[in-house]
Amino acid sequence: MAAVPVTCVRLTTSMHSNQIAEKSSTFMLVPMGLTKRGFPCLRSSRFQISCAAKPETVAKVCEIVKTQLALSADSELAPDSKFSALGADSLDTVEIVMTLEEEFGISVEEENSQNITTVQEAADLIEKLVEKKKETA
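Notes on the structure follow. (Residues numbered from 1 in each chain as written. Predicted model: local features only at pLDDT ≥ 70, side-chain atom pairs only at ≥ 80, totals over all residues. Heavy atoms only, no water.)

### Things to note about the overall build of the protein
Let me state the cut-off plainly: To qualify as a helix, a DSSP run of H or I must reach at least 4 residues; to qualify as a strand, a run of E must reach at least 2; elements of each kind are numbered from the N terminus. Note on classification: 1.4 Å probe, protein chains only; a residue is buried when its accessible area is under 20% of the maximum for its type, exposed when over 50%, partly exposed between these limits. Here, residues are in contact when the closest pair of their heavy atoms is within 4.5 Å.
The number of helices and strands found in the protein is four helices and two strands. Helices (α) and strands (β) of the protein occur, in sequence order from the N terminus, as β-β-α-α-α-α. Taking all 137 residues of the protein together, 32% fall into the buried category. Contacts in the protein between residues far apart in sequence, at least 24 positions, make up 57% of those at least 6 positions apart.

### Notes on the packing of helix α1 (residues 55-68) against helix α4 (residues 119-136)
Convention followed: For helices, the axis comes from a line fit to the C-alpha atoms of the stretch in contact; other axes are also lines fit to C-alpha atoms, and the angle between any two N-to-C directions lies between 0 and 180 degrees. Every angle not falling under 35 degrees, over 145, or within 65 to 115 is termed oblique; those three ranges are roughly parallel, roughly antiparallel and roughly perpendicular. Here a crossing is taken to be left-handed if its near helix is turned anticlockwise relative to the far helix by less than a right angle, and right-handed if that turn runs clockwise.
Between α1 and α4, whose axes approach to 9 Å, the crossing angle comes to 125°. It follows from the interaxial angle that α1 and α4 lie oblique. As for the relative orientation of α1 and α4, their crossing is right-handed in sense. Together, Thr 57, Val 58, Val 61 and Cys 62 of α1 and Val 119, Gln 120, Ala 122, Ala 123, Ile 126 and Glu 127 of α4 make up the contact between the two elements.

### Notes on the environment of Leu 77
Mapping Leu 77 onto the fold places it in the loop between α1 and α2 (90-104). Accessibility expressed as a relative area gives 15% for Leu 77, which makes it buried. What Leu 77 contacts, discounting residues up to four positions off in sequence, is Cys 62, Val 65, Lys 66, Leu 71 and Leu 86.

### Focus: the nonpolar core
Here is the rule: Throughout this description, the term nonpolar core refers to a set of buried Ala, Val, Leu, Ile, Met, Phe, Trp, Tyr and Cys residues connected via side-chain atoms within 4.5 Å.
Judged by nonpolar contacts, the single largest core of 22 residues is most densely connected at Val 61, Val 65, Phe 83 and Leu 100. The set of elements that each furnish at least two residues to this core consists of α1, α2 and α4. At six residues, α4 tops the list of elements feeding residues into this core. Non-local contacts of Val 61, meaning those with residues more than four positions away in its chain, are made with Leu 100, Val 119, Ala 122, Ala 123 and Ile 126.

In structure tokens, the structure reads:
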């Protein structure tokens, strides 16, 4: 078994039986499957690495989504909650993005806003844009 040192990572494959998901804020080793020859088995899989947003960012996005969609305070939202499954239409999604922009002091490009369909996607994009804003400041 091979290992990859990372700070935070989400690895997914297109085959459900070989799915690996791991995220962490500390250094750790993430195991990867090997072929018979000892090389990572990525040829037949979709391989994706992305950093997960901070829990406080996800929580803030959840609160904003609850407010925008007039969901009850005790509604349970998970990072993989889809806006459409919560009853949001395209106008609701635009309003959610506008509120996120105001709350976090960022500007979301139209191309990026069309790709936001879940709480986690919104939180990940916010983290990316906040980091980019810090680098340019």
